Amino acid sequence: MGSAALYQAAKRGAKALGIDRFDPPHTLGSSHGDTRITRASIGEGEFYAPLVRRSDEIWRELEAASGQTLFHESGGLIIAPPSADATFHGAGDFVEASAQVAERHGIIHEVISAEEIKRRHPMLKPRAIDRAYYEPGAGVLRPERCIATQLELARQGGAAIHTGEQVIAYDASADGVTVTTNLGNYRADKLILSAGAWMADLVPEAYRAALRVCRQVFYWFEAEELGAFDPKIFPWVIWIGDRLDEFWSAFPAPRDGPRGVKLVTEQYHTATDPDAVGREATAEECADMYYRLTQPRLQGLRDNLIRAEVCLYTVTPDEHFVIDFHPDSERVVLASPCSGHGFKHSAAIGEILTQLALNGETEFELSAFRLARLSE
Ligand SMILES: Cc1cc2nc3c(=O)[nH]c(=O)nc-3n(C[C@H](O)[C@H](O)[C@H](O)COP(=O)(O)OP(=O)(O)OC[C@H]3O[C@@H](n4cnc5c(N)ncnc54)[C@H](O)[C@@H]3O)c2cc1C
């Protein structure tokens, strides 16, 4: 979100400085792991549809400006039984929710039966009661490239970038904002804060407890035939079971990515400290991912872990984002847009944050993302 905002600020001619305690793109926050799912129909809530639509335009603009491939169209399948208990990202019956949003927004899609899923993708093994929402225009973004491209274009547009520098405090008054880092002080007209899993350190006390950080793991398993998972023929799969702990997802494998198939699940029961989080996947976690979650439903993978990475969700109680002004000063704009599905919206969120900072307003509807709800 920070790289997106910096790109947008530089594009508008603002004198902008981006500060990061690490050196993005890096593997310590929430935006690494080679691929991110994107889809036009957002079952998490209809109010996200304009964000992903605008982001898609910006990804294309970035691809044209940089010559980089940031998006692979693969199609996407959301598989779930017809049950309100089959929840995902806070929404029940995610297949139905996605189909309804698609209907209302004219998004090309189908709802297909278990038989049809197997006919199209024989390596998938749905149960008879499962069905799927299929969106042919969906695909995967390359997050590290999206970040690096936006930073590079921001730099070319005149923005300064300070990495390895940590924001410790900030103070907004009538005539400006002072930002204190471990290396010095800065004066600015406006400040955008998008610290990902470290956001709780930078928001007022009343909101801290509402930003829970949950450790997640990406796994890449060896494929019997990696070409079978090429984005041209294998869609991403969001597989929602009868219970929350049965969710898993498989990603298409771009040719220039890691030499395995990426799998991920989610957990919300244990919160963690982003500075003390375990960065290694355990043998139990790898076995659970392969044997319990994936093996009964997906053929074509070997029990051979090629790589694993830990990633962090920042989750609010209603699982929606925060995009708002600071409660004490409109000179400070806050963004905590994760809950496991923020990347696809990040290009537009960067634009929104910049509009809020530079113009004090945006044409996007942000009422679902107000900070105040977190203290209620
Ligand atoms: C396992 C996993 C799977 C996901 N899958 C998807 C998906 O398929 N599709 C999708 O759309 N989204 C997905 N997401 C969500 C998405 O990736 C995140 O919403 C998004 O990348 C978060 O971006 P961010 O800018 O908020 O956080 P980050 O990218 O982590 O950025 C925060 C930055 O702030 C810096 N920082 C923190 N504190 C300070 C400080 N005090 N001073 C200076 N710098 C600081 C950090 O170094 C970091 O670079 C997934 C997330 C995870 C973890």
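Reading the values: the criteria
Residues numbered from 1 in each chain as written. Predicted model: local features only at pLDDT ≥ 70, side-chain atom pairs only at ≥ 80, totals over all residues. Helix = DSSP H or I, 4+ residues; strand = E, 2+ residues; numbered from the N terminus. Rg over C-alpha atoms; globule rule 2.2 N^0.38 Å. Buried ≥ 20, exposed ≤ 12 C-beta atoms within 10 Å, placed from the backbone. Contact = placed C-beta atoms within 7 Å. Near = placed C-beta within 6 Å. Nonpolar A, V, L, I, M, F, W, Y, C, P; charged D, E, K, R; others polar. Domains from an automatic or database assignment. Pairing = 2+ DSSP bridges. Axes fitted to C-alpha atoms, helices over the stretch in contact; angles between N-to-C directions. Left-handed = near helix turned anticlockwise from the far one by under 90°. Parallel < 35°, antiparallel > 145°, perpendicular 65-115°, else oblique. Expected span 1.5 Å × (residues − 1).

**Student:** Before we go on, may I ask you to explain the overall build of the chain in this structure?
**Tutor:** Counting secondary structure elements, the chain contains eight helices and 19 strands. For 376 residues, the compact-globule estimate of 2.2 N^0.38 gives 21 Å, and the chain sits close to it at 20 Å. For the chain, buried positions account for 47% of its 376 residues. Within the chain, contacts between residues separated by at least 24 positions form 72% of all contacts whose residues are at least 6 apart in sequence.

**Student:** Looking at this structure, how should I read the site of the ligand?
**Tutor:** Lining the immediate surroundings of the ligand are 32 residues, of which Gly29, Ser31, Gly196, Cys311 and Gly342 lie closest. When residues of the shell around the ligand are traced back to their parent elements, those giving at least two are β1 (17-20), β2 (36-38), β13 (212-223) and β17 (301-315). In terms of residue count, β17 provides more of the shell around the ligand than any other element does, three residues in total. Looking at the shell around the ligand residue by residue, the classes come out as 17 nonpolar, 11 polar and four charged. Counting contributing residues per domain, the shell around the ligand is built from domain 1 (2-27 + 143-211 + 318-359) and domain 2 (36-139 + 227-311), each supplying no fewer than three.

**Student:** What's the story with the sheet that holds strand β4 (residues 76-80) in this structure? I'm lost.
**Tutor:** Backbone hydrogen bonds are what pair the strands of a sheet, in a parallel or an antiparallel way. Read from one edge of the open sheet, eight strands run β5-β6-β4-β14-β15-β16-β13-β17, paired in mixed fashion. The open sheet has two edge strands, β5 (110-113) and β17, and neither has a second partner. The mean inter-strand angle of the sheet, taken between neighbouring strand axes irrespective of direction, is 20°. By the bridge criterion, four bridges tie β4 to strand β14 (residues 236-239) in an arrangement that is parallel.

**Student:** Would you mind showing me how to read the packing of helix α2 (residues 49-66) against helix α5 (residues 143-156) here?
**Tutor:** Packed helix pairs are characterised by how far apart their axes lie and by the angle those axes make with each other. Interhelical geometry of α2 versus α5 gives an angle of 65° and a closest axis separation of 11 Å. Crossing hand, α2 versus α5: left-handed. For the pair formed by α2 and α5, the contact residues are Leu62, Ala65 and Ser66 on the first element and Thr149, Gln150 and Leu153 on the second.

**Student:** Would you mind going over the pairing of strand β10 (residues 176-181) with me for this structure?
**Tutor:** In this sheet, β10 lies alongside strand β9 (residues 167-173) in antiparallel orientation, the contact comprising six bridges. Within β10, the residue paired with Asp171 across the bridge is Thr178. Two elements, β10 and strand β11 (residues 185-188), share four bridges in a ladder whose sense is antiparallel. Bridged to Thr178 within β11 is Arg187.

**Student:** Can you walk me through the domain arrangement of the chain in this structure?
**Tutor:** A common way to report how large an interface is uses the accessible area buried once the components associate. By domain assignment, the chain separates into domain 1 (2-27 + 143-211 + 318-359) and domain 2 (36-139 + 227-311). One C-alpha centre belongs to domain 1, the other to domain 2, and the line joining them spans 28 Å. In this complex, domain 1 contributes 23 residues to the contact, which on the side of domain 2 involves 22 residues. Looking at the side of domain 1 that touches domain 2, the elements that each hand over two or more residues are α5 and α8 (346-359).

**Student:** Before we go on, may I ask you to explain the sheet that holds β9 in this structure?
**Tutor:** Read across the sheet, three strands follow the order β9-β10-β11 without closing on themselves; strand pairing throughout is antiparallel. Each edge of the sheet is formed by a strand with only one pairing partner; in this case those strands are β9 and β11. Across the sheet, the mean angle from the axis of one strand to that of its neighbour is 15°, orientation sign disregarded.

**Student:** Looking at this structure, how should I read the packing of α2 against α8?
**Tutor:** Look at α2 against α8: their axes get within 6 Å of each other, and the N-to-C directions meet at 95°. With respect to α8, the axis of α2 lies roughly perpendicular. Together, Leu51, Arg54, Ser55, Ile58 and Trp59 of α2 and Ser346, Ala347, Ala348, Ile349 and Glu351 of α8 make up the contact between the two elements. Within the contact of α2 with α8, the residues separate by chemical class into six nonpolar, two polar and two charged.

**Student:** I keep staring at α8 and nothing clicks. Help me out?
**Tutor:** The α-helix advances 3.6 residues per turn, and as a result positions three or four apart in sequence lie on the same side. The terminal C-alpha atoms of α8 lie 19 Å apart, and with 14 residues this matches the ideal 20 Å at 1.5 Å per residue to within 8%. Among the 14 residues in α8, 11 count as buried, and that is most of the element. When we look at burial in α8, the residues that qualify are Ser346, Ala347, Ala348, Ile349, Gly350, Glu351, Ile352, Leu353, Thr354, Leu356 and Ala357. Where α8 is buried, its residues touch α1 (2-11), α2, β12 (191-193), β18 (322-326) and β19 (329-336). Residue Gly360 follows α8 closely and has a positive phi angle near 80°.

**Student:** Just to check I follow, could you spell out the environment of Val111 for this structure?
**Tutor:** The residue Val111 is located in strand β5 in this model. C-beta crowding within 10 Å serves as the criterion here: with 15 such atoms nearby, Val111 is assigned to the partly exposed category. Taking the C-alpha atoms as reference points, Val111 and Gly2, separated by 109 residues in sequence, lie 36 Å from one another. Non-local contacts of Val111, meaning those with residues more than four positions away in its chain, are made with Val95, Ala99, Arg131 and Tyr133.

**Student:** Could you clarify how one ought to interpret unusual backbone geometry in this entry?
**Tutor:** Where the residue is not glycine, phi is negative for most of them; where a peptide bond is considered, it is trans in most cases. Here the residue pair Pro24 and Pro25 is connected by a cis peptide bond, since its omega of -5° sits within 30 degrees of zero. As for its position among the elements, Pro25 is in the loop between β1 and β2. The phi dihedral of Asp93 falls on the positive side, at around 35°, and the residue is not glycine. Within the fold, Asp93 resides in the loop between β4 and α3 (94-105). Positive phi is not limited to glycine here, since Ser339 has a value of about 50°. Assignment of secondary structure puts Ser339 in the loop between β19 and α8.

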